[in-house]
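Topology and contacts: notes
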2 protein chains.
Amino acid sequence: MANKAKSTILDIARLTGLSKGTVDRVLHNRGEVSRKSYDAVMKAIQDLGYEPNVYASMLARGGSHLIAVLMPEDEPGGFWSLAAGGMEKALDPLASGGVSIEHFGYDPTDVESLKAAARKMWDSNPSGVVIAPMFREATLQITAALRSKDIPYVFVDTKLDDLGYLAFFGMPMYRSGYLCADQLTGGLPVKSLLVVRVQRDVQRMSDPTVDRRAGFLDYIHEHFPDCVVHNVLINPADIPAAEAALDEFFESHPDTRQIAMFNSRIHLLVPWLERHPQRGRRVVGFDNLEANMQALSRGTVSALVCQHPDDQLALAIKALAERIVLGKYPARRDNFVHMDILTRYNVDFY
Amino acid sequence: MANKAKSTILDIARLTGLSKGTVDRVLHNRGEVSRKSYDAVMKAIQDLGYEPNVYASMLARGGSHLIAVLMPEDEPGGFWSLAAGGMEKALDPLASGGVSIEHFGYDPTDVESLKAAARKMWDSNPSGVVIAPMFREATLQITAALRSKDIPYVFVDTKLDDLGYLAFFGMPMYRSGYLCADQLTGGLPVKSLLVVRVQRDVQRMSDPTVDRRAGFLDYIHEHFPDCVVHNVLINPADIPAAEAALDEFFESHPDTRQIAMFNSRIHLLVPWLERHPQRGRRVVGFDNLEANMQALSRGTVSALVCQHPDDQLALAIKALAERIVLGKYPARRDNFVHMDILTRYNVDFY
DNA sequence: AATCTTTCCGTGAACGTGCACGGAATTAAA
DNA sequence: TTTAATTCCGTGCACGTTCACGGAAAGATT
């Protein structure tokens, strides 16, 4: 911006009477330079409006920056598999070459597998790490270690009460619950509705959907104080039992027309829903999993609120890459992706 | 992918017994190389799985690629101003340095201004051009000239019946009308509704909203054949007259509750709407203009269907940059951005 | 056979930065 | 004063491409 003719490291050297070696040292502040020279170079950088040439830099360094992704792994078509797709997206052809990405997956229900993944991650000697935290304590240990080695890390999906993170990319969970309730009711009074929830393990994992649930309930209570919110708990591993629970519920509440789920597994209900069609029913779930979108276009599901986990991951990686390669800090530390509403009429273009 | 150790231009030279100069010539196929050598080099490229090093390439070329954007210009906060924001977005820090962008604006109601802008554009000697076409004939002349100079161009927003374009980024107009109708009615039967339309100039400009209107009407006729669709024509330059027209309409149709507009100017109706509140009214418009979003969060407008013109432009520029810098062709030629539904409950995170 | 074209190809200097190496300048220790 | 340690700094090669320049080889023309 300052000078039209892009100034180089050599210009700074000439201007200060130093050599490019010294300039290089202050640019990467790795010491071995006197206070006087340091100040002179800094001033020259300001005056000339110097900006490093990324291409020359990348070329000289010979690439090889590793960004590690520490993220749960699930079945193909699942939420985390969808998110994993964002890694390719981030490897934009123009930006690639210099950075590579490695995915260290772990079982979201098993702390030990996280620790194992973290060890492997550690061995790969990454320049930056993306973390989707599931277990608070274990993750805090990891981030502490990263901080002590000055390795930047960004959170995705869930944020921990940790202060050293470079950035966070996620969804505004409370608001997403609010939005979900609005989509479910269409803004029209409802007497009773059903929320299907998944039984959580006893382990104290971080569960972001509690905020979503709060937003949902607040909307209902604010708009329709008389509405009764029923709950049915299911176990994803035991579908027959889950369907039996639904049968039982609708036996005693045949008039309930609205069904919501707060995680990405609404597709689990689809077979049952399609065997039990109901006039005027509305079903709202979350996230653009392939199975969910199919149910959407068949009309079984009315709407999906999407947070695009792949975009979140891609943005996280990009922020990390900019930090590592250019030393640039993200504009905002906490970034909330926008919530998209998917219906059968706009699902085709996803 | 083929070889782990990234192969270079020099590897190819050694393998073929030629020199890097020759290899370079076939890589950019600018002739001056015998058939035999050409084939040999091509084979070696295949065998080694050679991929050019973008950084070295950019560095050597010394940057300075110009992408010209030939796009209408309107008032601040207008549709095209929003789109223009995508230019910055495209200048991703990691990708920048090599390409610069220049915007050549024109008056969307004046063919002559397009021609003038095209001349300026031509003088800037661009390596690629993004075009948002408004006038068919004049634009076809421009693209013909571009083709004769082998300058790639991509269409944005509207596509012309032109075969030489590199890519197109736009919205599925017909489907967006369909979606709009669904959002307006909520899927529930409606007896009558109002469409507010803008008087078009007589000039034969390309007007993509006719497709949108078709999609809208088809939805209505398919779902609610008894519904009457009323039209009110307004002139954006004469708001008082427009409001008078609305007064007149609702005088004779007091029961009509749903209002739609097919372009981005729904905000023009907002003052009138807020002076004439009506219980149970639904208003649906298009595009995330600042004024529209404010009306949304106040509840005056019920929903907006957004096509993110800025993203379209950013994607277009990116595709062009990849073509110019890397010689890479986009995966798909016709790209439809997804349609986002905005309500007052998810507008905050845009 | 000599000269002139034409076609093809190799050479070498940039591009701007990173980094290892060694050496100068300064200060401390003898 | 000499030597050793320390702090600071300059030199020069490497990274993989691009491109202008000049020249060899082959063919065409006398």
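Let me begin by describing the structure that accompanies this report. From a predicted model like this one, the values you see are computed outputs, not experimental measurements.

Here we look at unusual backbone geometry
All names here are of chain A. Notably, H308 is not glycine yet its phi reads approximately 50 degrees, a positive angle. Inspection of the secondary structure puts H308 in the loop between β10 (303–306) and α13 (309–326). Classification of H308 as buried rests on a relative accessible area of 7%.

Here we look at the packing of helix α5 (residues 79–90) of chain B against helix α13 (residues 309–326) of chain B
All names here are of chain B. Here α5 crosses α13 at 40 degrees, and the two axes come no closer than 7 Å. By the angle between their axes, α5 is oblique relative to α13. When the axes of α5 and α13 are compared, the crossing they make is right-handed. Across the interface between the two elements, F79, L82, A83, A84, G85, G86, M87, K89 and A90 of α5 pack against P309, D310, D311, L313, A314 and I317 of α13. In terms of residue class, the contact of α5 with α13 is built from 10 nonpolar, 2 polar and 3 charged.

With respect to the protein's contact with DNA strand D
Lining the immediate surroundings of DNA strand D are 25 residues, of which A:T22, A:S37, B:I9, B:D24 and B:Y50 lie closest. For DNA strand D, the fraction of protein-proximal atoms (within 4 Å) that sit in sugar or phosphate groups is 61%. At a separation of 2.7 Å, a phosphate oxygen of DNA strand D approaches a polar side-chain atom of A:T22. B:Y50 places a polar side-chain atom, nitrogen or oxygen, 2.5 Å from a phosphate oxygen of DNA strand D. The set of elements that each furnish at least two residues to the surface near DNA strand D consists of α2 (20–27) and α4 (54–61) of chain A together with α2 (20–27) and α4 (54–61) of chain B. Ranked by the residues each element gives to the surface near DNA strand D, the list is headed by α2(A), at 4 residues. Residue classes in the surface near DNA strand D are distributed as 9 nonpolar, 10 polar and 6 charged.

Side note on the interface of chain A and chain B
Contacts between chain A and chain B engage 41 residues on the former and 41 residues on the latter. Across the chain A to chain B interface the summed buried area is about 3,600 Å²; carbon plus sulfur atoms make up 64%. Taken together, chain A and chain B are joined by 2 salt bridges. A salt bridge links B:D348 to A:R175, with the shortest nitrogen-to-oxygen separation between them at 2.9 Å. In this structure, the connection of chain A to chain B is made through 8 residue pairs in polar contact (both at pLDDT 80 or more). If you list the elements that add at least two residues to the side of chain A that touches chain B, you get α4, α8 (173–185), α9 (209–223), α13 and β12 (340–342) of chain A.

Conventions and cut-offs
- Chains are numbered independently. Their residues run from 1 in the order of the written sequence.
- All chains are assigned letters beginning at A, and all ligands numbers beginning at 1, according to the order in which they are written.
- Residue-level local features of this predicted model are given only where pLDDT is at least 70; pairs of side-chain atoms are given and counted only at 80 or more, and the full residue set underlies all totals for whole chains, interfaces and linings.
- Each side-chain value is worked out from all heavy atoms of the structure, with water and hydrogens disregarded.
- Secondary structure elements follow DSSP: runs of H or I of four or more residues count as helices, runs of E of two or more count as strands, with numbering from the N terminus.
- Burial classes: relative accessible area under 20% of the type maximum marks a residue as buried, over 50% as exposed, and values in between as partly exposed (1.4 Å probe, protein chains only).
- Structural elements are reduced to axes, namely lines fitted to C-alpha atoms, with helices fitted over the stretch in contact, and the angle between N-to-C directions of any two is expressed from 0 to 180 degrees.
- When describing relative orientation, an angle under 35 degrees is termed roughly parallel and one over 145 degrees roughly antiparallel, while 65 to 115 degrees is termed roughly perpendicular and anything else oblique.
- The handedness criterion is simple: a crossing whose near helix is rotated anticlockwise from the far helix by less than a right angle is left-handed, and one whose near helix is rotated clockwise is right-handed.
- Only heavy atoms enter the contact rule, under which two residues are in contact if any of them lie within 4.5 Å.
- In this classification, Asp, Glu, Lys and Arg are treated as charged, Ala, Val, Leu, Ile, Met, Phe, Trp, Tyr, Cys and Pro as nonpolar, and every other residue, Gly included, as polar.
- A molecule or strand has a residue near it when one of that residue's heavy atoms lies within 4 Å.
- For the purposes of these results, a polar contact is taken to be a pair of N or O atoms within 3.5 Å, where, inside protein, one atom must be able to donate a hydrogen and its partner to accept one; residues adjacent in sequence count only when each atom of the pair is a side-chain atom.
- Here the quantity called buried area is the accessible surface, traced with a 1.4 Å probe, that two parts lose on coming together, added over both.
- Salt bridge criterion: a side-chain nitrogen from Lys or Arg within 4 Å of a carboxyl oxygen from Asp or Glu.

Interpretation in functional terms is not warranted from these geometric data alone.
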